[in-house]
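Take a look at the letters that make up each chain.
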Amino acid sequence: MKILFIGVGHMAGSLIKGITKSTSNKKYEIYINNRESTVAKAQELNVKPLVNLEDLQNEGIEVIVLGVRPAQLKEIAIVLDQFNLTNVTIVSMLSGISADKITEAFGRHPKLKIVRIMPNINADITKSVTGICANHYGEKSIDEVFDIFSNCGSVEKINEDIFSEFTISGGCTPAYILFFLKAFVDAAVKSGLEYQTALRTIIGSFEGTIANLKKSSKTPEAIIGEICVPNGVTIEGIKVFENSNLEKIVFEAFNKALKKDKEH
Ligand SMILES: NC(=O)c1ccc[n+]([C@@H]2O[C@H](COP(=O)([O-])OP(=O)(O)OC[C@H]3O[C@@H](n4cnc5c(N)ncnc54)[C@H](OP(=O)(O)O)[C@@H]3O)[C@@H](O)[C@H]2O)c1
């Protein structure tokens with residue numbers, strides 16, 4: 001299957017690395033087109049450059065993955081709309097842009113097959129959690145697109161009406177988790193730990209805790225309860241989180257990002 005990525009920045013680059021890393025990827029031939037440096041990026045990623053989009057028909061491209069930012073959708077759609085896209089599936093990773101809005105941008109293709117995905121930046125180490133949904137015409141393509149991005153981690157079929165909620169939960173949380181991790185590293189360094197020691201220690205604690213939670217049948221609350229013995233040390237920190245209403249702050253952050261996603 002021939003797949004063309006248009007717009008190869010952080011996210012598309014991470015996905016391409018994930019797909020090409022997988023041993024089961026032999027059935028995919030990956031092409032890329034970027035506004036600049038297409039050939040250099042293709043060499044770096046070990047995929048094929050497609051400098052002129054006019055060549056996509058001759059090359060027999062079957063899947064086009066849009067890796068540009070939402071603001072660039074219109075200019076890309078105007079270019080792609082001149083080609084016959086009847087046998088092409090458009091895969092969009094653009095946050096907040098519905099399948100209907102994509103169809104609208106491609107004025108000449110009212111029956112465009114559209115599959116939306118929402119990956120995260122862990123795709124290159126095959127640890128993305130990727131949400132997927134399709135419009136009516138794209139329903140037959142959803143399984144093949146599911147297979148492509150299974151090479152980058154797990155894939156969840158999500159109804160489009162809650163795709164924004166998935167976007168914040170899966171696409172944005174890596175940044176929020178790292179923000180929280182960094183705050184702990186900074187606190188440890190301020191208290192006197194050397195930076196690399198603090199970083200190793202906090203990363204190790206995150207890794208171990210997640211691995212433990214995944215293999216356990218216990219809820220996060222139950223494990224917190226086991227660590228926070230009465231009159232112990234850990235509970236003192238939890239009290240500060242509770243008194244500062246950390247849960248409310250997280251809820252507000254989630255909803256602020258959600259509102260922005262829905263504004264598109
Ligand atoms: N970053 C994430 O964690 C993440 C997670 C989930 C979804 N997404 C979605 O992924 C998309 C890309 O995000 P990103 O973070 O990867 O952004 P990015 O790093 O800015 O990548 C965008 C890429 O598109 C290229 N581009 C812009 N206009 C183009 C055009 N007309 N033709 C061809 N290429 C063009 C840019 O090239 P130049 O560098 O030359 O401008 C750049 O390489 C967004 O829609 C975002 O919503 C991102």
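All of these numbers come straight from a predicted model, not from anything done at the bench.

1. Remarks on unusual backbone geometry
A positive phi angle is found at serine 37, which is not glycine, with a value near 55°. Following the sequence through the fold, serine 37 ends up in the loop between strand E2 (29-33) and helix H2 (38-45). Classification of serine 37 by relative accessible area gives partly exposed; the value is 45%. Phi is positive for asparagine 245, close to 55°, though the residue is something other than glycine. Asparagine 245 sits in the partly exposed class, given a relative accessible area of 38%.

2. Some details on helix H6 (residues 142-150)
An α-helix turns once per 3.6 residues; consequently, residues spaced three or four apart project the same way. Restricting attention to buried positions, one finds in H6 the residues Ile142, Val145, Ile148 and Phe149. Angularly, the buried residues of H6 cover 120° about the axis, an arc narrow enough to put them on a single face.

3. Examining the domain arrangement of the protein
By the assigned domains, the protein splits into domain 1 (2-158) and domain 2 (167-263). Its C-alpha centre places domain 1 at a distance of 33 Å from the equivalent point of domain 2. Listed by partner, the interface residues are eight residues for domain 1 and five residues for domain 2. Summed over both partners, the interface of domain 1 with domain 2 buries about 470 Å², with 56% contributed by carbon and sulfur atoms. The largest contributions to the domain 1 side of the interface with domain 2 come from Gly96, Met118 and Asn120, which together make up 57% of the buried area. One can count zero salt bridges joining domain 1 with domain 2.

4. Points about the site of the ligand
Neighbouring residues of the ligand: 22 residues in total, closest His10, Met11, Asn34, Arg35 and Val68. Within the side chain of histidine 10, a nitrogen or oxygen atom sits 2.8 Å from an oxygen atom of the ligand. Asparagine 34 places a side-chain nitrogen or oxygen 2.9 Å from an oxygen atom of the ligand. For the ligand, the accessible surface in isolation is 900 Å², of which the surrounding protein chains cover 80%. Under a 2 Å grid-point criterion requiring more than half of the atoms, the pocket assigned to the ligand is the second largest pocket. Of all the secondary-structure elements, those providing two or more residues to the shell around the ligand are helix H1 (10-21) and helix H4 (73-80).

5. Brief notes about the packing of aromatic side chains
Considering all chains together, one arrives at four aromatic pairs under this definition. Arranged with centres 5.2 Å apart and planes meeting at 85°, the rings of phenylalanine 180 and phenylalanine 184 form a pair that is edge-to-face. Taken together, the residues span about one helical turn, with phenylalanine 180 and phenylalanine 184 both in helix H7 (residues 163-190) at a distance of four residues. Among the residues examined, phenylalanine 180 registers a relative accessible area of 36% and is labelled partly exposed. Summarising the aromatic geometry, the rings of phenylalanine 184 and phenylalanine 241 are spaced 6.5 Å apart at their centres and angled 80° between planes, so their arrangement reads as edge-to-face. With a gap of 57 residues between them, phenylalanine 184 in helix H7 and phenylalanine 241 in helix H10 (residues 234-243) connect regions that are remote in the sequence. Exposure remark for phenylalanine 241: the relative accessible area of 31% places this residue in the partly exposed category.

6. Notes on the side chain of aspartate 261
Among the secondary structure elements, aspartate 261 is positioned in helix H11 (residues 246-263). No salt bridge is formed by the buried aspartate 261; its nearest oppositely charged neighbour, arginine 116, is found at 5.3 Å. A distance of 3.2 Å separates the side chain of aspartate 261 from the backbone nitrogen of glycine 96, its partner in a polar contact. The contacts of aspartate 261, once residues within four sequence positions are left out, are Ser95, Gly96, Ser164, Thr167 and Ile168.

7. Observations concerning the nonpolar core
Membership of the largest hydrophobic core comes to 28 residues, with the highest contact counts inside it found for Phe5, Leu15 and Phe149. Of all elements in the fold, only strand E1 (2-6), H1, E2, H2, strand E4 (63-66), strand E6 (113-118) and H6 reach the threshold of two or more residues within this core. If one sorts the elements of this core by residue count, H1 sits on top with five residues. The residues touching phenylalanine 149, leaving out its near neighbours within four places in the chain, are Phe5, Leu15, Ile19, Val65, Val91, Ile117, Thr130 and Val155. By size, the runner-up hydrophobic cluster in this structure holds 26 residues, among which are Ile61, Ile64, Ala105 and Leu112.

8. Here's the deal with the pairing of E1
Of all five residues that make up E1, four are buried, and the element is covered over most of its length. Where E1 meets E2, five bridges bridge the pair, whose relative direction is parallel. Looking at the pairing, isoleucine 6 lines up with asparagine 33 of E2. When E1 meets E4, the two strands line up parallel, connected through four bridges.

How each quantity is defined
- Residues numbered from 1 in each chain as written.
- Predicted model: local features only at pLDDT ≥ 70, side-chain atom pairs only at ≥ 80, totals over all residues.
- Heavy atoms only, no water.
- Helix = DSSP H or I, 4+ residues; strand = E, 2+ residues; numbered from the N terminus.
- Buried < 20%, exposed > 50% of the residue type's maximum accessible area, 1.4 Å probe, protein only.
- Arc of directions from axis to C-beta.
- Domains from an automatic or database assignment.
- Contact = heavy atoms within 4.5 Å.
- Buried area = accessible area lost by both parts, 1.4 Å probe.
- Salt bridge = Lys/Arg side-chain N within 4 Å of Asp/Glu carboxyl O.
- Near = heavy atom within 4 Å.
- Polar contact = N/O pair within 3.5 Å; in protein donor to acceptor, adjacent residues only side chain to side chain.
- Areas by Shrake-Rupley, 256 points an atom, 1.4 Å probe, with all protein chains shown as cover.
- 1 Å grid on protein atoms, 1.4 Å probe; cavity = no way out; pocket = protein on both sides within 12 Å on 5 of 7 lines; lining within 4 Å.
- Sits in = over half its atoms within 2 Å of the grid points.
- Phe/Tyr/Trp six-rings, centres within 6.5 Å; stacked < 30°, edge-to-face > 60°.
- Lys, Arg positive; Asp, Glu negative; His and termini not counted.
- Core = buried A, V, L, I, M, F, W, Y, C linked by side-chain atoms within 4.5 Å.
- Pairing = 2+ DSSP bridges.

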